[in-house]
Amino acid sequence: MKTLYIEKSGKITWKTVPAGEEVNNDEVKIKVIYGGICGSDVSVFKGKLPHAAYPVVPGHEVLGEVVETGAETDIHVGQRVVVQPNSYCGRCEFCQKGKTNICPEKKSLGINEHGGFAEEFIVASKYVIPVPEQLAKERAILIEPLAVIVHALKKVNIDAETSVAIIGCGTEGMLAVALASYFGGKITAIDINPEKLQKVQEHYPDIVIKHPDEVEENQFDVVVEVAGVRASFEQCVDVVKSGGSVVAVGFPTVAEIPVVKMVRKELTIFGSIIYNVPEDFLKSIEYLLDEKFYVEPIISEIIPVAQFEEAYEKAVSGNYRKIVLEF
């Protein structure tokens, strides 16, 4: 069997490894169809994720077909599935409340557990979500990354009367633009990269685009931070209206919050990490099944896995949206 393999930061290979272990009663074996390269995959490759473990098989955005099942699963051979890539204990106070996304025992495929960028891999069936037959594979590969935005935007109300700023126009930012637009919000996309802004306006012509320096204070009911840099997070508190909400999805290491401004404006700041399962995945599928939900611009290129070096080079450059590997 062949698999991508990161031996250490900056060194990735496509190598032959021994066939995997036998499928246990509660597991399934998946033949991979597509794998989406995420920002966290790039961080693992570059050695910039402190909790990453090496060597590691990368990849957590996986669409595949089940080719073998254990005796104790409800999943069937031949089903197309996506994978919820973050483990949880099921016992702690957070899991008991359905907040598996903040389980203290959580581990993540492709980061500190071997992931799914392989011809085949085995995973516990509880982490597998069936994909409807009518959902095209080019949309189905977006189920997992979209679930991140589904989870984030559940924290606020967005309708035709809501002004929304989305700071950061990478893949998750574009998904936020797509979903907030689908909800009918009045969207302004903000980024320092003019090429990214141009792509947003090219595909979503009703969206206002701005460089951060062009944005005035107190303009938006909701601000979604997906750039993951200090300056962007700090700008959120400035540009949100009094009584408004900030949803923090990105990961700046540190930032300063002007507490006086936050209090005087009576702001609500939400942190949002990954998703709850299965509900956020199922809602993601529901949106993707609707042809009115426009996500086609999210994928920049689909590249055969044999050309993994080109794929990672493009993903690392930051000049593309979603790069998808075809297995």
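Visitor: Any chance you could explain the overall build of the protein here in plain terms?
Guide: If you tally the helices and strands in the protein, you get 10 helices and 15 strands. Taken over the C-alpha trace, the protein has a radius of gyration of 20 Å; the compact-globule value for 327 residues is 20 Å, and the two agree within 12%. Referenced to the eigenvectors of the C-alpha coordinate spread, the extents of the protein come out at roughly 60 × 45 × 40 Å. Burial analysis of the protein (327 residues in total) assigns 51% to the buried set. Accessible area for the protein stands at about 15300 Å²; split by element, carbon and sulfur atoms hold 49% of it.

Visitor: I keep staring at the packing of helix α4 (residues 143-153) against helix α9 (residues 279-289) and nothing clicks. Help me out?
Guide: Describing two packed helices takes the angle between their axes plus the distance from one axis to the other. Relative to each other, α4 and α9 sit at 105°, their axes nearing to 8 Å. Viewed along their axes, α4 and α9 adopt a mutual orientation that is roughly perpendicular. Judged by residue contacts, I143, E144, L146, A147, V150 and H151 of α4 engage D280, F281, K283, S284, I285, Y287 and L288 from α9. Residue classes in the contact of α4 with α9 are distributed as 8 nonpolar, 2 polar and 3 charged.

Visitor: What should I look at first to understand the pattern of salt bridges in this one?
Guide: Where charged atoms from two side chains of opposite charge come close, those side chains can pair. A complete count under the given rule lists 17 salt bridges for this structure. For E234, the salt bridge goes to R230, with nearest N and O atoms at 2.7 Å. Placement of both E234 and R230 in helix α7 (residues 230-239) is noted, with a separation of 4 residues, approximately one turn of the helix. Given the relative accessible area of 22%, E234 is considered partly exposed. Residues E286 and K283 are paired through a salt bridge, measuring 3.3 Å at the closest nitrogen-oxygen approach.

Visitor: Which parts of the structure should I look at to understand the sheet that holds strand β10 (residues 208-210)?
Guide: Sheet strands pair via backbone hydrogen bonds, and the direction of the pair is either parallel or antiparallel. Taken in spatial order, the 6 strands of this open sheet run β10-β9-β8-β11-β12-β13, and their pairing is parallel. Two strands lie at the open edges of the sheet, namely β10 and β13 (268-271), each paired on one side alone. Sheet twist, expressed as the average angle between the axes of neighbouring strands with direction ignored, equals 20°. Taken together, the 4 bridges between strand β8 (residues 163-167) and strand β11 (residues 220-225) define a ladder with parallel strand orientation. The residue bridging V164 from the neighbouring strand is V222, located in β11. In this fold helix α6 (residues 194-203) packs onto β9 (186-190) and β10, with an angle of close to 175° to the strand it touches most, β10.

Visitor: Whenever I open this one, the side chain of R80 confuses me. Can you help?
Guide: Assignment of secondary structure puts R80 in strand β5 (residues 80-83). Buried and without a salt bridge, R80 has E138 as its closest oppositely charged side chain, separated by 7.3 Å. A polar side-chain atom of R80 sits 2.6 Å from the main-chain carbonyl oxygen of L135. Here R80 is in contact with I33, G64, E65, I129, P130, V131, P132, E133, L135, A136 and K137, once residues within four sequence places are set aside.

Visitor: Explain the pairing of β5 here, please?
Guide: Burial along β5 is two-sided: the face carrying R80 and V82 and the face carrying V81 and V83 are both buried. By the bridge criterion, 3 bridges tie strand β4 (residues 61-69) to β5 in an arrangement that is antiparallel. Residue pairing for β5: E65 is matched across the bridge by R80. Here 3 bridges tie β5 to strand β7 (residues 128-130), and the two strands are oriented antiparallel to one another. Bridging from a neighbouring strand, V81 pairs with P130 of β7.

Visitor: Please explain α4 as it appears in this structure.
Guide: Each α-helix turn comprises 3.6 residues. Residues three or four places apart therefore point the same way. With 11 of its 11 residues buried, α4 lies for the most part within the structure. Listed in full, the buried residues belonging to α4 are I143, E144, P145, L146, A147, V148, I149, V150, H151, A152 and L153.

Visitor: What is the right way to read the nonpolar core from this model?
Guide: A general tendency of soluble globular proteins is for nonpolar side chains to be buried together. With 72 residues, the main nonpolar core has I143, L146 and I166 as its most contacted residues. Top contributing element to this core by residue count: α4, with 8 residues. Every residue in contact with I143, bar those within four places of it in the chain, is listed here: V82, V131, L135, F281, S284, I285 and L288.

Visitor: Whenever I open this one, the packing of aromatic side chains confuses me. Can you help?
Guide: In this description, an aromatic ring pair is defined by two values, namely the gap between the centres and the angle between the planes. Applying the stated criterion to the full structure yields 11 aromatic pairs. The interplanar angle of 70° and the centroid separation of 5.8 Å between the aromatic rings of F183 and Y287 together place this pair among those described as edge-to-face. One end of the pair, F183, is in the loop between α5 (171-182) and β9; the other, Y287, is in helix α9, with 104 residues separating them in the sequence. Grouping aromatic residues by their ring pairs yields a cluster made of Y182, F183, Y287 and F293. We note K15 situated over the ring of Y5; from NZ or CZ to the ring centre the distance is 4.4 Å. The cationic tip of K126 hangs over the ring face of Y88; the distance from NZ or CZ to the ring centre is 4.5 Å.

Rules and cut-offs
- Every chain begins its residue count from 1, and numbering advances along the sequence as written.
- Selection of residues for local features in this predicted model requires a pLDDT of at least 70, selection of side-chain atom pairs for listing and counting requires 80 or more, and totals for whole chains, interfaces and linings are taken over all residues.
- Side-chain numbers here rest on the full set of heavy atoms in the structure, without hydrogens or water.
- Labels follow the DSSP assignment, with helices taken as runs of H or I lasting at least four residues and strands as runs of E lasting at least two, numbered in each case from the N terminus.
- Our radius of gyration is a C-alpha quantity, and the globule rule it is checked against amounts to 2.2 Å times the number of residues to the power 0.38.
- Here's how the labels work: a residue is buried when its accessible area is under 20% of the maximum for its type, exposed when over 50%, partly exposed in between, all with a 1.4 Å probe on protein chains only.
- To be clear on the numbers: accessible area is Shrake-Rupley with a 1.4 Å probe, and residue cover counts the displayed protein chains and nothing else.
- To get an axis, a line is fitted to the C-alpha atoms, and for a helix only the part in contact is used. The angle between two axes follows their N-to-C directions and goes from 0 to 180 degrees.
- In what follows, roughly perpendicular refers to angles from 65 to 115 degrees, roughly parallel to angles under 35, roughly antiparallel to angles over 145, and oblique to any angle outside these ranges.
- The contact rule is simple, with two residues in contact once any of their heavy atoms fall within 4.5 Å.
- Three categories are distinguished: nonpolar for Ala, Val, Leu, Ile, Met, Phe, Trp, Tyr, Cys and Pro, charged for Asp, Glu, Lys and Arg, and polar for the others, with Gly belonging to the last.
- We count a salt bridge whenever a side-chain nitrogen from Lys or Arg sits within 4 Å of a carboxyl oxygen from Asp or Glu.
- Only when DSSP finds a minimum of two bridges between them are two strands counted as paired.
- Residues scored as positive are Lys and Arg, those scored as negative are Asp and Glu, and His as well as the terminal groups of each chain are ignored.
- Polar contact criterion, stated in full: a pair of N or O atoms within 3.5 Å, where within protein one must be able to donate a hydrogen and the other to accept it, and residues adjacent in sequence count only if both atoms are side-chain atoms.
- In plain words, nonpolar cores are sets of buried Ala, Val, Leu, Ile, Met, Phe, Trp, Tyr and Cys residues tied together by side-chain atoms within 4.5 Å.
- Put simply, two rings from Phe, Tyr or Trp (the six-membered ring, in Trp's case) pair if the centres are within 6.5 Å, and we call them stacked under 30 degrees between planes, edge-to-face over 60, tilted for the rest.
- Counted as over-ring charges are cases with an Arg CZ or a Lys NZ within 6 Å of the ring centre that also lie within 35 degrees of the ring normal.

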